[in-house]
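So you can see what is in the structure, the chains are spelled out below.
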Amino acid sequence: MNGLDRKSQEKIYYNIRKAQVTNDPELFKKLSATIWEFRTLYHKTYYRLFAFWDKTEGKQTLVIATHGLLKKPGKHLLQKSKKLIVSDNNILNRKNNLYADKEKNKNRFS
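Residues numbered from 1 in each chain as written. Predicted model: local features only at pLDDT ≥ 70, side-chain atom pairs only at ≥ 80, totals over all residues. Heavy atoms only, no water.

Undergrad: I would appreciate a short explanation of the overall build of the protein in the present structure.
TA: Looking only at helices and strands, the protein features 2 helices and 4 strands. Listed by position from the N terminus, the elements making up the protein come as α-β-β-β-β-α. Evaluated residue by residue, the protein yields a buried proportion of 26% over its 110 residues. Of the contacts made within the protein by residues no fewer than 6 positions apart, 34% connect residues no fewer than 24 positions apart. In the form shown here, the protein has an accessible surface area of approximately 8,200 Å², with 54% of it arising from carbon and sulfur atoms. (Helix = DSSP H or I, 4+ residues; strand = E, 2+ residues; numbered from the N terminus. Buried < 20%, exposed > 50% of the residue type's maximum accessible area, 1.4 Å probe, protein only. Contact = heavy atoms within 4.5 Å. Areas by Shrake-Rupley, 256 points an atom, 1.4 Å probe, with all protein chains shown as cover.)

Undergrad: Just checking my understanding: could you explain the pairing of strand β3 (residues 45–54) for this structure?
TA: Residues in a regular strand point their side chains to alternate faces of the sheet. The element β3 is largely enclosed, with a buried count of 7 among its 10 residues. Sheet analysis places strand β2 (residues 36–42) next to β3, joined by 7 bridges and oriented antiparallel. From the neighbouring strand, F38 faces β3, where its bridge partner is L49. Connecting β2 to the antiparallel partner β3 that follows it, the hairpin turn spans 2 residues, and H43 within it adopts a positive phi of roughly 50°. (Pairing = 2+ DSSP bridges.)

Undergrad: Sorry if this is basic, but what is going on with the side chain of T40 here?
TA: For T40, the position within the fold is in strand β2. Looking at T40, its side chain comes within polar contact range of the side chain of N15, at 3.1 Å. Leaving out residues up to four positions away in the same chain, T40 has contacts with K11, I12, N15, T45, Y46 and Y47. (Polar contact = N/O pair within 3.5 Å; in protein donor to acceptor, adjacent residues only side chain to side chain.)

Undergrad: Help me understand the confidence of the model for the protein, please; the structure alone is not making it clear to me.
TA: Caution is warranted with low-pLDDT regions, since their predicted coordinates should not be read in detail. Taken as a whole, the protein shows an average pLDDT of 75; of its residues, 61% reach a score of 70 or greater. When pLDDT is averaged over each helix and strand of the protein, the minimum, 61, is found for helix α2 (residues 78–108) and the maximum, 90, for helix α1 (residues 6–21). (pLDDT = per-residue confidence, 0-100.)

Undergrad: Teacher, can you tell me more about the pattern of salt bridges here?
TA: Here the idea is simple: oppositely charged side chains can pair when their charged atoms come close. Under the counting rule described, the total for this entry stands at 3 salt bridges. A salt bridge links E37 to R48; its shortest N-O distance comes to 1.9 Å. Here the residue E37 occupies a position in strand β2, and R48 occupies one in strand β3, the gap between them amounting to 11 residues. Look at E37 and you get buried, because its relative accessible area is 1%. It is possible to trace a salt-bridge network through shared partners that takes in E37, R39 and R48. (Salt bridge = Lys/Arg side-chain N within 4 Å of Asp/Glu carboxyl O.)

The structure is reproduced here in C-alpha cells:
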C-alpha cells in the first residue's frame, strides 16, 4: 500500500470498511475454498488484496495477506491462487507454532 498514491489508498480503505457492513461481491468475493479477495476499481485499475480466515483459537479473524496486485481486466489468477493457498497455510503454521511455544513456556513457569 505504501507504493500507491494517497487517493488510491483512501479508496481501498473505504471499500474495506464498506465491505464490513454490506454484502457486495464486487468488493469482497470468495475466490476458492480458502482465499477471499478485496477488490477496488479506481481510475480504470483494479487493486486486489487477498485474504483468508484464521479459524484457530475458536474465533474467526480475517487476515489480509501481506501483498496484493494490480489486475488488468481479463487476466486469470489460477497460478496466483495456488501461491496464496501455500502462503496462508505458511502464515497459519507459523502462528500455531508461536502459540504452542507460548503455551509451553507458560506451563513451564507456572
